[in-house]
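Residue-level listing of the chains:
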Amino acid sequence: LPIYGKRSGQSQQLVHCTTSRLEHLINPTDLLLELREVLVSGGFLLVALPSVVAYPNRLRIMLRCFDYEATGIMDETHVRFCMFRTGTNLLRQSSYRVVSSRADGAVPLWKVRRLLPAGWVKMLNRGSCRLLPGVFGFQLLYLATPVIDE
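Residues numbered from 1 in each chain as written. Predicted model: local features only at pLDDT ≥ 70, side-chain atom pairs only at ≥ 80, totals over all residues. Heavy atoms only, no water.

Asker: Just checking my understanding: could you explain the confidence of the model for the protein for this structure?
Answerer: For residues with low pLDDT, the predicted coordinates do not support detailed interpretation. Averaged over every residue, the pLDDT of the protein is 81; the share at 70 or more is 90%. Strand β3 (residues 96–105) holds the highest mean pLDDT among the elements of the protein, 93, whereas strand β1 (residues 13–19) holds the lowest, 70. Segment residues 1–9: pLDDT under 50, and 16 contacts once partners within four positions in sequence are set aside and those in other chains are kept. (pLDDT = per-residue confidence, 0-100. Helix = DSSP H or I, 4+ residues; strand = E, 2+ residues; numbered from the N terminus. Contact = heavy atoms within 4.5 Å.)

Asker: Before we go on, may I ask you to explain the layout of surface pockets in this structure?
Answerer: The rolling of a water-molecule-sized probe over the atoms marks out the regions of remaining empty space. Approximately 190 Å³ is the volume attributed to the largest pocket. What lines the largest pocket is simply Phe 84, Ser 101, Arg 102, Ala 103, Asp 104, Gly 105, Asn 125, Arg 126, Cys 129, Arg 130 and Pro 133. Among the elements of the structure, β3 and α4 (118–131) are those that each provide at least two residues to the lining of the largest pocket. Per element, the largest residue contribution to the lining of the largest pocket is 5 residues, and it comes from β3. A breakdown of the residues in the lining of the largest pocket according to their chemical character gives 4 nonpolar, 3 polar and 4 charged. (1 Å grid on protein atoms, 1.4 Å probe; cavity = no way out; pocket = protein on both sides within 12 Å on 5 of 7 lines; lining within 4 Å. Points joined across faces, edges and corners; volume = space filled by probe spheres on them. Nonpolar A, V, L, I, M, F, W, Y, C, P; charged D, E, K, R; others polar.)

Asker: What's the story with the environment of Val 79 in this structure? I'm lost.
Answerer: Tracing the backbone through its elements, the reader meets Val 79 in the loop between α2 (55–62) and α3 (84–93). Given the relative accessible area of 44%, Val 79 is considered partly exposed. Counting along the chain gives 56 residues from Val 79 to Glu 23, while the straight-line C-alpha distance between them is 6.1 Å. If we ignore the near neighbours within four places in the chain, the residues touching Val 79 are Glu 23, His 24, Leu 25 and Ile 26. (Buried < 20%, exposed > 50% of the residue type's maximum accessible area, 1.4 Å probe, protein only.)

Asker: I'm lost on a nonpolar patch on the surface in this one. Help?
Answerer: A surface patch of nonpolar side chains, amounting to about 280 Å² of accessible area, comprises Ile 61, Phe 66 and Tyr 68. Checked against the element boundaries, Ile 61 lands in helix α2. (Patch = residues over 30% accessible without salt bridge, like charges linked within 9 Å, V, L, I, M, F, W, Y side chains within 5 Å. Areas by Shrake-Rupley, 256 points an atom, 1.4 Å probe, with all protein chains shown as cover. Salt bridge = Lys/Arg side-chain N within 4 Å of Asp/Glu carboxyl O.)

Asker: Looking at this model, I keep getting lost on the side chain of Glu 23. Mind explaining?
Answerer: Within the fold, Glu 23 resides in the loop between β1 and α1 (28–36). No salt bridge is formed by the buried Glu 23, whose closest oppositely charged neighbour, Arg 21, lies at an N-O distance of 7.1 Å. Among residues more than four places away in sequence, those in contact with Glu 23 are Leu 49, Pro 50, Thr 77, His 78, Val 79 and Arg 80. (Lys, Arg positive; Asp, Glu negative; His and termini not counted.)

Asker: What should I look at first to understand the state of the cysteines in this one?
Answerer: Disulfides are covalent bonds that link the sulfur atoms of two cysteine residues. As enumerated under the stated definition, the model contains 0 disulfides in all. Distance from the sulfur of Cys 129, which forms no disulfide, to the nearest cysteine sulfur (Cys 82) is 16 Å. With a relative accessible area of 4%, Cys 129 lands in the buried category. (Disulfide = S-S within 2.5 Å.)

Asker: Before we go on, may I ask you to explain α4 in this structure?
Answerer: Each α-helix turn comprises 3.6 residues. Residues three or four places apart therefore point the same way. Under the 1.5 Å per step criterion, the end-to-end length of α4 is 20 Å for 14 residues, consistent within 8% with the ideal 20 Å. Of the residues making up α4, those classed as buried are Val 121, Asn 125, Ser 128 and Cys 129. Here the buried residues of α4 occupy an arc of 95 degrees about the axis, which is enough to place them on one side. The exposed residues of α4 that point more than 90 degrees off its buried face are Met 123, Arg 126, Arg 130 and Leu 131. Of the surrounding elements, those touching the buried residues of α4 are β3, α5 (133–136) and β4 (137–146). (Expected span 1.5 Å × (residues − 1). Arc of directions from axis to C-beta.)

Printed below as a string of structure tokens:
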């Protein structure tokens, strides 16, 4: 992941986005600390992490099936696994303040989904992810800003 900013002599960024990267790093804190250097004062970091405990994985884990797969969150390139709270903790430990966080996902309606109006399904998905982000969220989303040392 190229880092641009103070070190390369280019201007700093107001917003930096990292999606589906941190879970592939043995020590994601190193990257998060380095990204602090490229954000302007008051800048933001957008982070997206996959949730290891969304209901499909939760069911597999409950059935004692924790096997790596060819693709997806259980592929062999994932060396760290996150839940809603651990994503927040990772950012805080890396000297960021989480401004906003939410999960993006769906409630398991299976065939019932086709019988309901699309607006209801959307409302159920959003409500379930807001109420239980660790259960229904497939993707965990964070907006953070660096903590300024005084």
